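# Geometric and topological summary
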Amino acid sequence: SQTIHQWPATLVQPVGSPLSLECTVEGTSNPNLYWYRQAAGRGLQLLFYSVGIGQISSEVPQNLSASRPQDRQFILSSKKLLLSDSGFYLCALIPGQGGNGYTFGSGTRLTVV
Amino acid sequence: QKEVEQNSGPLSVPEGAIASLNCTYSDRGSQSFFWYRQYSGKSPELIMSIYSNGDKEDGRFTAQLNKASQYVSLLIRDSQPSDSATYLCAVNKGGYSTLTFGKGTMLLVSP
């Protein structure tokens, strides 16, 4: 079965600071990978998805970016955080051989102060 | 128009009762439908998927789909306090297409 590793679990960052969240995958090759954000009182918002190395699709224009330098690694970044970037960031996958819905990682709770 | 709509709740039911959670969606091209359970502070976990009209049962859970009415529901029989969580409805157009989530319905099961 597939496993998604996300770290850190919680993060407190000042406004204007950079951000790097990493997601790594085990147990599957060539997965589709997704970054979602869940803000307080709001639903899960798709931020980025990737169907392969170096292939990134952005769903929401904002100050965040994503990269996929390796097949099983997906990184979410920001050069300068805003207060509105606070939320619960979730990495998800569909395995390369197809699957039944997403598997989510444990998430990173980001608070921008 | 919101793509996936759910009543935010909370839906309160006594232990042992049937909990009924509902979801409507706007895209008639949607083909795959999922229910996720999310405990407070945790990530969502998949509990049911359904792809064709009718009912699908898995243990205490039954998912119901009516594509003509663009309606998906989740029934939880013999509700337990451990079922207290937020239930997220999600839809996509099949295959590797992205999932669109509702905001979720909070379920509270009282002992």
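Report follows, based on the coordinates. Since the structure is predicted, the reported quantities are computational estimates derived from the model, not experimental observations.

Residue and element names in this part refer to chain A. Positionally, S77 belongs in strand β8 (residues 73-78). Residues S77 and L64, 13 residues apart in the sequence, show an inter-C-alpha distance of 5.7 Å. In contact with S77, other than residues within four places in its own chain, are L19, S20, N63, L64 and S65.

A few words on unusual backbone geometry. P8 of chain A follows W7 of chain A through a cis peptide bond whose omega is 0°. The topology assignment puts P8 of chain A in the loop between β1 (3-7) and β2 (10-13). Cis geometry is adopted by the peptide bond preceding P10 of chain B, which originates at G9 of chain B and carries an omega value of 10°. Relative to the helices and strands, P10 of chain B resides in the loop between β1 (4-5) and β2 (11-14). The residue N30 of chain A is not glycine, and still its phi comes out positive at about 55°.

Further remarks concern the packing of aromatic side chains. Applying the stated rule across the entire model yields 13 aromatic pairs over all chains. Centroid distance F104 of chain A to Y36 of chain B: 5.6 Å. Interplanar angle 85°. Geometry classified as edge-to-face. Placement of the pair is F104 of chain A in strand β10 (residues 103-104) and Y36 of chain B in strand β4 (residues 32-38), with the two residues belonging to separate chains. By relative accessible area, which is 0% here, Y36 of chain B ends up buried. Here the aromatic cluster, defined as three or more aromatic residues joined through ring pairs, consists of Y34, Y36, Y49, Y102 and F104 of chain A together with Y36 and F101 of chain B. One cation-aromatic arrangement involves R109 of chain A over F88 of chain A; the distance from NZ or CZ to the ring centre is 4.3 Å.

Attention shifts here to the sheet that holds strand β3 (residues 19-25) of chain B. The strands that make up a sheet are held in pairs by hydrogen bonds between backbone atoms, and each pair lies either parallel or antiparallel. Residue and element names in this part refer to chain B. Ordered by their spatial adjacency, five strands build an open sheet running β1-β3-β8-β7-β6, and the pairing between neighbours is antiparallel. At either end of the open sheet lies a strand with only one pairing partner, and these are β1 and β6 (54-58). When β3 meets strand β8 (residues 71-76), the two strands line up antiparallel, connected through six bridges. Within β8, the position partnered with S20 by the bridge is L75.

Cut-offs used in this document
- Residues numbered from 1 in each chain as written.
- Chains lettered and ligands numbered in written order.
- Predicted model: local features only at pLDDT ≥ 70, side-chain atom pairs only at ≥ 80, totals over all residues.
- Heavy atoms only, no water.
- Helix = DSSP H or I, 4+ residues; strand = E, 2+ residues; numbered from the N terminus.
- Contact = heavy atoms within 4.5 Å.
- Phe/Tyr/Trp six-rings, centres within 6.5 Å; stacked < 30°, edge-to-face > 60°.
- Buried < 20%, exposed > 50% of the residue type's maximum accessible area, 1.4 Å probe, protein only.
- Lys NZ or Arg CZ within 6 Å of the ring centre and 35° of its normal.
- Pairing = 2+ DSSP bridges.

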